[in-house]
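# Descriptive structure summary
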Amino acid sequence: MSLLATRNVTKRFGGLTAVNDVSISVEKGQIVGIIGPNGAGKTTLFNCIAGAFPPTTGEILLDGRIVSGKAPYEACGLGIARTFQVVKPFAQKSVLYNVMVGAFATTNSPAKARGQALEVIAFLQLDQKQEILAKSLTLPDRKRLELARALATRPKVLLLDEVMAGLRPSEVAEMIVLIGKIRDSGVTLLIVEHIMQAIMSLSDHIFVLNFGQLIAEGSPNQIANNEEVIKAYLGAAYAVNED
């Protein structure tokens, strides 16, 4: 049984179908990638899984249990955490404060929340900056803070929405290593990302969306050699050159 699955999920906004009959599955311990052009429906699918949008039709399951339509805080309490494309920490608060906010998703005890937060901060190598205000962090450290806040909820599944956007190549390489460490710690990951170096090196399995529909799935090697994916995502000129 998959840890996380969507069954024929469709999300419509009026006359616009952003996600159309999409079924994916994520096994425990995997890193699974979702790729596709801008506007393909990747973030909308994330929002459905995380509870921000209820699916118009279809189901979302966690550990075999239907969680469709749960509010974000309910989905988080069940074990689904996420990051956002644009990080928005509490800028006037410390790193520790920000991470404790995440920890309070699973405990009402300030002492336990602080303990959970400190554990995650150390894991992500932010312990030397725990008292620094979030507004003073560099972009790479704000990305780590976003990860820390999500990990402090102690998720079963972590959804990463373009966590590497805006990073320099050396910082992307560091984030790739960090995501591997998160998986090794026991967290399953579902990743939306445009940086192919990252998605291909990290993913056990990849799903490809285009115009809201699932057009391909497979191993990184299978996806890299899929003609339909090349034409839809990398462009027809690339496909011609490859031939």
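Our subject in this report is the structure included herewith.

About the thresholds
- Residues numbered from 1 in each chain as written.
- Predicted model: local features only at pLDDT ≥ 70, side-chain atom pairs only at ≥ 80, totals over all residues.
- Heavy atoms only, no water.
- Pairing = 2+ DSSP bridges.
- Helix = DSSP H or I, 4+ residues; strand = E, 2+ residues; numbered from the N terminus.
- Contact = heavy atoms within 4.5 Å.
- Axes fitted to C-alpha atoms, helices over the stretch in contact; angles between N-to-C directions.
- Parallel < 35°, antiparallel > 145°, perpendicular 65-115°, else oblique.
- Left-handed = near helix turned anticlockwise from the far one by under 90°.
- Nonpolar A, V, L, I, M, F, W, Y, C, P; charged D, E, K, R; others polar.
- 1 Å grid on protein atoms, 1.4 Å probe; cavity = no way out; pocket = protein on both sides within 12 Å on 5 of 7 lines; lining within 4 Å.
- Points joined across faces, edges and corners; volume = space filled by probe spheres on them.
- Expected span 1.5 Å × (residues − 1).
- Buried < 20%, exposed > 50% of the residue type's maximum accessible area, 1.4 Å probe, protein only.
- Right-handed = clockwise from strand over helix to strand, strands pointing away.
- Salt bridge = Lys/Arg side-chain N within 4 Å of Asp/Glu carboxyl O.

### Observations concerning the sheet that holds strand β4 (residues 57-62)
- Sheet architecture is open: four strands sit in the order β2-β1-β4-β5, paired in antiparallel fashion. Sheet topology places β2 (16-26) and β5 (65-66) at the edges, where each strand pairs with a single neighbour.
- Across the sheet, helix α1 (residues 42-50) touches β1 (4-13), β2 and β4, and the angle it forms with β1 is around 115 degrees.

### Notes on the packing of helix α3 (residues 95-103) against helix α4 (residues 110-123)
- Orientation of α3 relative to α4, taken along the N-to-C sense of each, is 115 degrees, at an axis distance of 8 Å. Here α3 is positioned roughly perpendicular relative to α4, judged by the angle of their axes. The two elements α3 and α4 meet at a crossing, and its hand is right-handed. Between α3 and α4, the contacting residues are Val95, Leu96, Val99, Met100 and Ala103 on the first element and Pro110, Ala113, Arg114, Gln116, Ala117, Leu118, Val120 and Ile121 on the second.
- Per-class residue counts for the contact of α3 with α4 are eleven nonpolar, one polar and one charged.

### Brief notes about the layout of surface pockets
- Taken as a whole, the largest pocket holds about 430 Å³ of empty space.
- Taken together, 19 residues line the largest pocket, and the ones lying closest to its centre are Cys76, Arg82, Phe84, Arg149 and Thr153.
- When contributions to the lining of the largest pocket are tallied by element, the ones reaching two or more residues are α2 (72-78), β6 (80-82), α3 and α5 (139-151).
- Here the lining of the largest pocket is composed, by residue class, of 13 nonpolar, two polar and four charged.
- For the second largest pocket, the calculated volume is near 240 Å³.
- Considering the residues around the second largest pocket, the lining is formed by Gln116, Glu119, Val120, Phe123, Leu151, Ala152, Arg154, Pro155, Ser185, Gly186 and Val187.
- Considered class by class, the residues forming the lining of the second largest pocket number six nonpolar, three polar and two charged.

### As for α5
- If you check α5, its first and last C-alpha atoms are 18 Å apart, about what 13 residues at 1.5 Å a residue would give, namely 18 Å.
- Of all the 13 residues making up α5, ten are buried; the element is thus mostly covered by neighbouring parts of the structure.
- Within α5 the residues assigned to the buried category are Asp141, Lys143, Arg144, Leu145, Glu146, Leu147, Ala148, Arg149, Ala150 and Leu151.
- Residues of α5 that are buried in the fold lie against β6, α3, α4, β7 (157-161) and α6 (169-184).

### Looking at unusual backbone geometry
- The backbone phi angle of Asp63 is positive, close to 55 degrees, even though this residue is not glycine.
- Its location among the elements puts Asp63 in the loop between β4 and β5.
- A positive phi angle is found at Phe211, which is not glycine, with a value near 50 degrees.
- Within the fold, Phe211 resides in the loop between β9 (205-210) and β10 (213-218).
- Phe211 sits in the exposed class, given a relative accessible area of 70%.

### Regarding the pairing of strand β8 (residues 188-192)
- Most of β8 is tucked away, with five of its five residues classed as buried.
- By the alternation rule, side chains of β8 split into Thr188, Leu190 and Val192 and Leu189 and Ile191, which are all buried.
- Relative to β8, β7 runs parallel, the two sharing five bridges. Of the residues in β8, the one forming a bridge with Asp161 is Val192.
- Running through α6, the crossover from β7 to the neighbouring parallel element β8 is right-handed.

### As for the pattern of salt bridges
- Scanning all chains against the criterion turns up ten salt bridges.
- We note a salt bridge from Lys156 to Asp63, for which the minimum N-O separation is 2.8 Å. Of this pair, Lys156 sits in the loop between α5 and β7 while Asp63 sits in the loop between β4 and β5, and the two are 93 residues apart along the sequence.
- The class for Lys156 is partly exposed, based on a relative accessible area of 37%.
- Classification of Asp63 by relative accessible area gives partly exposed; the value is 35%.

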